[in-house]
Amino acid sequence: MSRLITQLSRLSEGVSAVCCVLILLATASGFILRPFNLQFLGVDDAGGFLMAWLLFFGLAQVSNNQLHIRATFLTDLFPVRWRTLCYAASHVLFALFLAVLTWLAAGLFLASAAENSRSADMLRIPLVYPQAGMVAGLVLATVAELLMAARSLGAVRRGDSFDVWER
């Protein structure tokens, strides 16, 4: 199970890295071409769309590698098994939260597709493109969270001392 979580995390990291590079190129092109009064149409929208993808695809990687802000002053007082149980509970709760966000994002995606919603710029890019990335990133993060919760609950059941805070 840890191997699958790692693969999902790497996929998340890879998509996020590609988005970062594309955002950098889009921003740099606008910055470099500005003195010449030149610009690419849609660069601003593309940067915003890519930022949405970056944020939502990055969720699985951030959670797996414990890169988010957390306060552990209370759980540090618990025995390792209890800390592992708290870790599993946090993954279950976060997975439920992500499932609700996925449901809402999917509804937004379907509404945008039905209404053929488009961006406000000159190119009028369909909004389903960034929204599809948001839904895909949320699905990936939800699956990864459920797998991490299962891994932690399995460790609690076996009496193992799996504890992410000891990494």
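These figures come from a predicted structure and were not determined experimentally.

## Things to note about the state of the cysteines
Logical step 1: Enumeration over the complete set of coordinates arrives at zero disulfides.
Logical step 2: Of all cysteine sulfurs, the one in C20 lies closest to C19, which takes part in no disulfide; the gap is 7.3 Å.

## Let's talk about the packing of aromatic side chains
Logical step 1: Throughout the structure, instances matching the rule amount to two aromatic pairs.
Logical step 2: Between the aromatic rings of W53 and F57, the centroid separation amounts to 5.8 Å while the plane-to-plane angle is 45°, which identifies the pairing as tilted. Of the two residues, W53 and F57 are both situated in helix 2 (residues 43–64); the distance of four residues between them amounts to about one turn of the helix.
Logical step 3: On the accessibility criterion, W53 (29% relative accessible area) is partly exposed.
Logical step 4: Ring geometry for F94 against F97: centres 6.1 Å apart, planes inclined by 20°, an arrangement best described as stacked. Taken together, the residues span about one helical turn, with F94 and F97 both in helix 3 (residues 80–115) at a distance of three residues.
Logical step 5: Residue classification places F94 among the partly exposed residues on the basis of a relative accessible area of 27%.

## Here we look at the packing of helix 1 (residues 2–33) against helix 2
Logical step 1: Close contact between helix 1 and helix 2 brings their axes to 8 Å; oriented N to C, the two are set at 155°. For the element pair helix 1 / helix 2, the angle class is roughly antiparallel. Seen from above, helix 1 lies across helix 2 with left-handed handedness.
Logical step 2: Residues that form the contact of helix 1 with helix 2 fall into these classes: 15 nonpolar, nine polar and one charged.

Cut-offs and rules
- Residues numbered from 1 in each chain as written.
- Predicted model: local features only at pLDDT ≥ 70, side-chain atom pairs only at ≥ 80, totals over all residues.
- Heavy atoms only, no water.
- Disulfide = S-S within 2.5 Å.
- Phe/Tyr/Trp six-rings, centres within 6.5 Å; stacked < 30°, edge-to-face > 60°.
- Helix = DSSP H or I, 4+ residues; strand = E, 2+ residues; numbered from the N terminus.
- Buried < 20%, exposed > 50% of the residue type's maximum accessible area, 1.4 Å probe, protein only.
- Axes fitted to C-alpha atoms, helices over the stretch in contact; angles between N-to-C directions.
- Parallel < 35°, antiparallel > 145°, perpendicular 65-115°, else oblique.
- Left-handed = near helix turned anticlockwise from the far one by under 90°.
- Nonpolar A, V, L, I, M, F, W, Y, C, P; charged D, E, K, R; others polar.

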